[in-house]
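Now for the letters of each chain:
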Amino acid sequence: MNYNDGQYRVKAEKELSEVQYQMNEDAIDRMRKRPKNWANIMMAAANILVFLLVELTGSSEDTSHMITWGAAYTPLISDGQFYRLFTCMFLHFGFEHLFNNMLLLIFIGDYLERYVGKLRYLAVYLIGGLGGSVASYIFNVETGQAVVSAGASGAVFAVIGGMLYIVIRNKGRLEDISLQRLMLMVALSIYFGFASGGVDNAAHIGGLVCGMIICILVYRKRATHK
């Protein structure tokens, strides 16, 4: 990475942090005034619970331990352990990894659940996240990489993809979310992923696309504030 690449990466990180911070601030104000959505909270709680169990039995930063708990590992999936495409969605490498994903999920997921309902939200999160895992696996097979991967980012990006479609359907604005702000967050997140090492960009993009497709199929404008 040359000097200019480093500058662009730092700038992208700063802009992404500012966008996420403003969205989180808006969401905090909104969530104080309205009841929380249990499906979104349940998914965040499941990730936190699994993280605690992993830490109590070893370390979430121990690759072998994470494989034991169900992290995605290309050779094992190719041998038929397809359940790893699902279990890896609830595992995280360290507290920072967990914190970043859950912070984004809690705020963006709250919007999605209110506008599509609990069951449709769960469909976007679980099926979209699984789609991200499948995209990651296919990419690793095609490129001949045998990597260990884990994280809810595919599911989180599926939620973001769903919200992106819903905001588009609502003429570019939904409450305090604008299409420009959401697209900027997506663009910066993907750019930061490509500019950094150890980021599963295939899972991010796969989850984003799957989330949009699912919401195209299930979202109806009348299904609001459930």
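How each quantity is defined
Residues numbered from 1 in each chain as written. Predicted model: local features only at pLDDT ≥ 70, side-chain atom pairs only at ≥ 80, totals over all residues. Heavy atoms only, no water. UniProt positions renumbered as here; feature names shortened; annotations may be inferred. Helix = DSSP H or I, 4+ residues; strand = E, 2+ residues; numbered from the N terminus. Expected span 1.5 Å × (residues − 1). Buried < 20%, exposed > 50% of the residue type's maximum accessible area, 1.4 Å probe, protein only. Axes fitted to C-alpha atoms, helices over the stretch in contact; angles between N-to-C directions. Parallel < 35°, antiparallel > 145°, perpendicular 65-115°, else oblique. Left-handed = near helix turned anticlockwise from the far one by under 90°. Contact = heavy atoms within 4.5 Å. Nonpolar A, V, L, I, M, F, W, Y, C, P; charged D, E, K, R; others polar. Salt bridge = Lys/Arg side-chain N within 4 Å of Asp/Glu carboxyl O. Polar contact = N/O pair within 3.5 Å; in protein donor to acceptor, adjacent residues only side chain to side chain. Phe/Tyr/Trp six-rings, centres within 6.5 Å; stacked < 30°, edge-to-face > 60°.

- Named according to an unreviewed UniProt entry, the protein chain is Rhomboid family intramembrane serine protease originating from Ruminococcus gauvreauii.
- Here the protein chain is described in UniProt, under the heading Subcellular location (unreviewed entry), as follows: "Membrane".

### Section: helix α7 (residues 118-143)
Move 1: End to end, α7 covers 37 Å across 26 residues, agreeing with the expected 38 Å (1.5 Å per residue, within 8%).
Move 2: Residues of α7 that are buried: Tyr-121, Leu-122, Val-124, Tyr-125, Gly-128, Gly-129, Gly-131, Gly-132, Ser-133, Ser-136, Tyr-137 and Asn-140.
Move 3: Downstream of α7 by a residue or two, Gly-144 has a phi angle that is positive, lying close to 70°.

### A word on the UniProt feature "transmembrane region" (unreviewed entry) in the protein chain
Move 1: Per the UniProt record, "transmembrane region" (unreviewed entry) is annotated on residues 38-56, 82-107, 119-139, 145-167, 179-196 and 202-219.
Move 2: As annotated, residues 38-56 has a helix share of 100% and a strand share of 0%, and its two end C-alpha atoms lie 26 Å apart.
Move 3: Taken end to end, residues 119-139 is 100% helix and 0% strand, and its first and last C-alpha atoms sit 30 Å apart.

### So, the packing of helix α6 (residues 95-116) against helix α8 (residues 153-169)
Move 1: Running from amino to carboxyl end, α6 crosses α8 at an angle of 40°, the nearest separation of the two axes being 9 Å. Between α6 and α8, the crossing angle belongs to the class labelled oblique. At the point where α6 passes α8, the crossing takes the left-handed sense. For the pair formed by α6 and α8, the contact residues are Asn-101, Leu-104, Leu-105, Ile-108, Gly-109, Tyr-111, Leu-112, Tyr-115 and Val-116 on the first element and Ser-153, Val-156, Val-159, Ile-160, Gly-162, Met-163 and Ile-166 on the second.
Move 2: Across the contact of α6 with α8, the residue classes tally to 12 nonpolar, four polar and no charged.

### Examining the pattern of salt bridges
Move 1: Counting across every chain of the model gives two salt bridges.
Move 2: A salt bridge links Arg-114 to Asp-110; the nearest nitrogen and oxygen atoms lie 3.7 Å apart. Here Asp-110 and Arg-114 lie together in helix α6, a separation of four residues that amounts to about one turn.
Move 3: The exposure class of Arg-114 is buried, given its relative accessible area of 5%.
Move 4: The buried category is assigned to Asp-110, whose relative accessible area is 3%.
Move 5: In this structure, Glu-113 and Lys-118 form a salt bridge, with 3.9 Å as the shortest nitrogen-oxygen distance.
Move 6: On the accessibility criterion, Lys-118 (26% relative accessible area) is partly exposed.

### Brief notes about the side chain of Asn-40
Move 1: Considering the arrangement of structural elements, one finds Asn-40 in helix α2 (residues 38-57).
Move 2: A distance of 3.1 Å separates a polar side-chain atom of Asn-40 from the backbone oxygen of Ile-106.
Move 3: What Asn-40 contacts, discounting residues up to four positions off in sequence, is Leu-105, Ile-106, Gly-109, Asp-110, Glu-113 and Tyr-121.

### Regarding the packing of aromatic side chains
Move 1: Applying the stated criterion across every chain yields a total of four aromatic pairs.
Move 2: Ring centres of Tyr-165 and Tyr-219 lie 6.3 Å apart, and the angle between their planes is 90°; on these two criteria the pair is classed as edge-to-face. Of this pair, Tyr-165 sits in helix α8 while Tyr-219 is found in the segment after α10 (201-218), placing the two residues 54 residues apart along the sequence.
Move 3: Classification of Tyr-219 as buried rests on a relative accessible area of 1%.

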